[in-house]
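Take a look at the letters that make up each chain.
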Amino acid sequence: MNREDIVKKINSLLAEEFEVDESAFTPEANVRETLSLDSLSLVDLVAIIQQTYKVKIPVTDLRNIHTFADLYDYVESHLPQA
């Protein structure tokens, strides 16, 4: 799976789950602000990533994910190797 596939899939899943237009998902946009995440919906975000990509995001790592680019980078670098 290449980065473009990851970006498209994540954007599609998050747009559907959080009812936000995908056009708001720019690499430099803040994930929490764009999706209006509170602590409960942040758990939903982590669950979606884990379920879709089998990538766990520990709280310590989650604190370092601020932008969509950060999220894409994290998923891409932690994908299980085929």
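Keep in mind that this is a model prediction, so the values were computed, not measured.

Considering the packing of helix α1 (residues 3-18) against helix α3 (residues 39-53)
Here is step 1 of the chain: As a packed pair, α1 and α3 sit with axes 11 Å apart at the nearest point and diverge in direction by 140°. In terms of their interaxial angle, α1 and α3 are classed as oblique. Here α1 runs over α3; the crossing is right-handed. In contact with D5, I6, K9, I10, L13, L14, E17 and F18 of α1, α3 contributes S41, D44, L45, I48, I49, T52 and Y53.
Here is step 2 of the chain: Tallied by class, the residues present in the contact of α1 with α3 amount to 9 nonpolar, 2 polar and 4 charged.

Some words on the confidence of the model for the chain
As a note on interpretation, predicted positions should not be read in detail where pLDDT is low.
Here is step 1 of the chain: Across the chain, pLDDT averages 95, with 99% of residues at or above 70.
Here is step 2 of the chain: Confidence, expressed as mean pLDDT per element, reaches its minimum in the chain at helix α4 (residues 59-62) with 94 and its maximum at helix α2 (residues 31-34) with 98.

Some points on a negative patch on the surface
Here is step 1 of the chain: A cluster of acidic residues, E16, E17, E19, D38 and D44, forms a negative patch at the surface.
Here is step 2 of the chain: Within the element layout of this structure, E19 appears in the loop between α1 and α2.

Section: α3
Here is step 1 of the chain: With 15 residues, α3 ought to run about 21 Å at 1.5 Å a step, and its terminal C-alpha atoms sit 21 Å apart, in line with that.
Here is step 2 of the chain: Those residues of α3 that fall on the buried side of the exposure criterion are S41, L42, L45, V46, I48, I49 and Y53. Relative to the axis of α3, the buried residues are bounded by an arc of 155° and lie together on one face. Counted as exposed and oriented over 90 degrees from the buried face of α3: S39, L40 and Q51.
Here is step 3 of the chain: As for α3, its buried residues are in contact with α1, α2, α4 and α5 (68-78).
Here is step 4 of the chain: The residue sitting at the N-terminus of α3 and contributing the capping side-chain oxygen is D38; that oxygen lies 3.1 Å from the backbone nitrogen of L40.
Here is step 5 of the chain: Directly after α3, the chain includes K54, whose backbone phi takes a positive value near 60°.

Definitions and limits used
- Residues numbered from 1 in each chain as written.
- Predicted model: local features only at pLDDT ≥ 70, side-chain atom pairs only at ≥ 80, totals over all residues.
- Heavy atoms only, no water.
- Axes fitted to C-alpha atoms, helices over the stretch in contact; angles between N-to-C directions.
- Helix = DSSP H or I, 4+ residues; strand = E, 2+ residues; numbered from the N terminus.
- Parallel < 35°, antiparallel > 145°, perpendicular 65-115°, else oblique.
- Left-handed = near helix turned anticlockwise from the far one by under 90°.
- Contact = heavy atoms within 4.5 Å.
- Nonpolar A, V, L, I, M, F, W, Y, C, P; charged D, E, K, R; others polar.
- pLDDT = per-residue confidence, 0-100.
- Patch = residues over 30% accessible without salt bridge, like charges linked within 9 Å, V, L, I, M, F, W, Y side chains within 5 Å.
- Areas by Shrake-Rupley, 256 points an atom, 1.4 Å probe, with all protein chains shown as cover.
- Salt bridge = Lys/Arg side-chain N within 4 Å of Asp/Glu carboxyl O.
- Lys, Arg positive; Asp, Glu negative; His and termini not counted.
- Charge placed at Lys NZ, Arg CZ, Asp CG, Glu CD.
- Expected span 1.5 Å × (residues − 1).
- Buried < 20%, exposed > 50% of the residue type's maximum accessible area, 1.4 Å probe, protein only.
- Arc of directions from axis to C-beta.
- Polar contact = N/O pair within 3.5 Å; in protein donor to acceptor, adjacent residues only side chain to side chain.

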